[in-house]
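Here is what each chain is made of, one letter per residue.
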Amino acid sequence: MYSRQTISELEADLVAVEAKIAELRSEQHVLVRELEYAQAPQSDGSRSMVDYVQSHLDIRRDTARDLVFAARRFVHHRGLHDRMLYRGATFDRTVAAIKLADAGASQDDVTESYRRDLAGVARMIVRTRHVTPADERRVFSGRYFTIQPNLDESTYRMWGEAPGVVGRTIEKAICDRADDLRATAGDLPSTRAQRQLDALGVMALDSLNGSTTGDGSSVGQVTVFMDARRDNPQETATIIEYGPRVGPDTLEEIMCGGRVQIVGLYTDGIPVVTSPAVRAIPPAVRHTVAHRDGACVIDGCVSLYRLEPHHITRFTDGGSHHPDNLATLCWYHHHVAIHGNGYHIDQDSPAQRRRLTKGPPPRGSPRGVG
Ligand SMILES: [Zn+2]
Ligand SMILES: [Zn+2]
């Protein structure tokens, strides 16, 4: 229906719709205020009014927070509210202007803020606001960190809120570590956010195991259950005993590391085959390979961090624990590049200057398959 309109007509429509949204938000904030007076959050067990609005409207937390903020503050800023209703200021603009006024800005500064973009107003708010002792206490007592697995523990979510100085410390530690990883990552694709999570993971590992490599086994003994009717572990979902559900790539990763016992199960859950913990790389072989390679064998890598042996031909593809099928890798190349991103070691590359490839996985080791 819009196809015959000019660009300026479309723009005018777009702006008009935003004005309608502002009008509707204004209606909504009255309702939110009344619900808050009626103590609606307590009635359904919500932790706060923001939680209540977020869950009932199924909207983003920032939007819920702005709506509750507006409901509480519009009444003290009638002029700004009217400017939204009758003079075309948007809801976001009005919330920003009220936050600026609340931060202690002069009337002139608030008026001036309408000429800036929203990011500019956000900077004005930060410059204007003074942190009071009451603010500090509120931030400190509101500090929290939550880490929560999903139902089958295949992923974890984490979030929280920290006082400024603590947050800055955590951020710096994670960012410094992520920068170290970038030096190792070289040309491998990884976003800053991905490296930050990787950094957090290795910091946790260091905290649990110390930062030296030890015997390279960071996993310990694990028991893995899988469907016994399929002999190819690549096809079957697996669960680590009392732990997270993992896929075939993680299973392969675990086989490079700790002692693994495989238990085959029929669908009714009865164990039928139990392997002894033979799937682990024998300690003597580990030491031989570590001594032979001395460092990460990826061409150009100088990292000595958590050196570990890796099966060039995957164990599940018939690769053996023979030293010729093992290569020493640093933590990043082993866990992020290979087992995480799905790269393989190029079998044609020289033994001490290995290249990574995205081609099909190597099949069959030079000798001693099985
Ligand atoms: Zn491996
Ligand atoms: Zn490396």
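Just so we're clear, the structure is a prediction, and the values are computed from it rather than from any experiment.

Caption draft 1: Fine view of the coordination of the zinc ion (ligand 2). Summarising the metal site, the zinc ion (ligand 2) is bound by the protein donors C296 (SG), C301 (SG), C330 (SG) and H333 (ND1), whose distances to it range over 2.0 to 2.4 Å. Around the zinc ion (ligand 2) sit four donor atoms; with metal-centred angles ranging over 103 to 116°, the donor geometry is tetrahedral.

Caption draft 2: Main features of unusual backbone geometry. With a phi angle near 55°, Q39 is a residue other than glycine that sits in the positive phi range. Here Q39 shows up in the loop between α1 (7–37) and α2 (40–43). For R306, which is not glycine, the phi dihedral falls at a positive 50°. Locating R306 in the fold gives a position in the loop between α13 (283–293) and β8 (308–311). Take R306: its relative accessible area is 5%, and that puts it in the buried class.

Caption draft 3: Seen up close, the packing of aromatic side chains. By the definition in use, this model includes zero aromatic pairs. The ring of F140 has R143 sitting right over it, with the charged end atom 3.9 Å from the ring centre.

Caption draft 4: Spatial organisation of the packing of α1 against helix α4 (residues 61–73). It is at 8 Å that the axes of α1 and α4 come closest, and there the two elements cross at 75°. By the angle between their axes, α1 is roughly perpendicular relative to α4. Together, R25, Q28, H29, V32, R33 and E36 of α1 and T63, L67, V68, A70, A71 and R72 of α4 make up the contact between the two elements. Taken together, the residues of the contact of α1 with α4 break down into five nonpolar, three polar and four charged.

Caption draft 5: Quick peek at the side chain of D293. Summarising the element assignment, D293 is placed in helix α13. Accessibility expressed as a relative area gives 10% for D293, which makes it buried. Polar contacts involving the side chain of D293 include one to the side chain of Q352, which spans 3.1 Å. Setting aside residues no more than four positions away along its own chain, D293 makes contact with A327, T328 and Q352.

Caption draft 6: Fine view of the pattern of salt bridges. For the coordinates displayed, the defined rule picks out 16 salt bridges. Between K172 and D176 there is a salt bridge; the shortest N-O distance is 2.9 Å. With K172 and D176 both in helix α10 (residues 164–185), this residue pair falls four residues apart, about one helical turn. With relative accessibility at 51%, the residue K172 sits in the exposed group. Among the ionic contacts, a cluster of salt bridges with common partners joins R47, D51 and R61.

Caption draft 7: Main features of the nonpolar core. With 30 residues, the main nonpolar core has V32, V53, F91, L100 and V110 as its most contacted residues. Among the elements of the structure, α1, α3 (49–57), α4, α5 (78–86), α6 (91–102) and α8 (118–128) are those that each provide at least two residues to this core. Setting aside its immediate chain neighbours within four residues, L100 contacts A105, D109, V110, S113, V121, M124, I125 and T128. Formed by 25 residues, the second largest nonpolar core is a distinct cluster that contains L181, I312, C330 and I338.

Caption draft 8: Geometry of the packing of α4 against α6. For the pair α4 and α6, the least separation of the axes is 10 Å and the interaxial angle reads 60°. When the axis of α4 is compared with that of α6, the two are oblique. Pair α4 / α6 crosses with left-handed handedness. Between α4 and α6, the contacting residues are D66, L67, F69, A70 and R73 on the first element and F91, V95, I98, K99 and D102 on the second. Here the residues of the contact of α4 with α6 sort into six nonpolar, no polar and four charged.

Caption draft 9: Broad picture of the pairing of strand β1 (residues 144–149). Sheet analysis places β1 next to strand β2 (residues 156–161), joined by six bridges and oriented antiparallel. When the bridges of β2 are listed, Q148 appears paired with R157. Between β1 and β2, which follow one another and run antiparallel, lie six residues, and E153 among them has a positive phi close to 60°.

Caption draft 10: Representation of α8 in the model. G120, V121, M124, I125 and T128 are the residues of α8 that are buried. Along the axis of α8, the buried residues cluster in a sector spanning 145°; they form a single face. Exposed side chains of α8 directed beyond 90 degrees from the buried face belong to R123, V126 and R127. Its buried side turned inward, α8 meets α6 and α7 (107–113).

Caption draft 11: Up close: the confidence of the model for the chain. Overall, the prediction assigns the chain a mean pLDDT of 82, with 82% of residues at 70 or greater. For residues 213–219, every residue scores under 50 in pLDDT, and the model assigns this stretch 16 contacts once sequence neighbours within four places are set aside.

Calculation notes
Residues numbered from 1 in each chain as written. Chains lettered and ligands numbered in written order. Predicted model: local features only at pLDDT ≥ 70, side-chain atom pairs only at ≥ 80, totals over all residues. Heavy atoms only, no water. Donors = N, O, S within 2.8 Å, 3.2 Å for Na, K, Ca; no water. Tetrahedral: all angles 85-135°; square planar, octahedral: opposite > 155°, others 65-115°. Helix = DSSP H or I, 4+ residues; strand = E, 2+ residues; numbered from the N terminus. Buried < 20%, exposed > 50% of the residue type's maximum accessible area, 1.4 Å probe, protein only. Phe/Tyr/Trp six-rings, centres within 6.5 Å; stacked < 30°, edge-to-face > 60°. Lys NZ or Arg CZ within 6 Å of the ring centre and 35° of its normal. Axes fitted to C-alpha atoms, helices over the stretch in contact; angles between N-to-C directions. Parallel < 35°, antiparallel > 145°, perpendicular 65-115°, else oblique. Contact = heavy atoms within 4.5 Å. Nonpolar A, V, L, I, M, F, W, Y, C, P; charged D, E, K, R; others polar. Polar contact = N/O pair within 3.5 Å; in protein donor to acceptor, adjacent residues only side chain to side chain. Salt bridge = Lys/Arg side-chain N within 4 Å of Asp/Glu carboxyl O. Core = buried A, V, L, I, M, F, W, Y, C linked by side-chain atoms within 4.5 Å. Left-handed = near helix turned anticlockwise from the far one by under 90°. Pairing = 2+ DSSP bridges. Arc of directions from axis to C-beta. pLDDT = per-residue confidence, 0-100.

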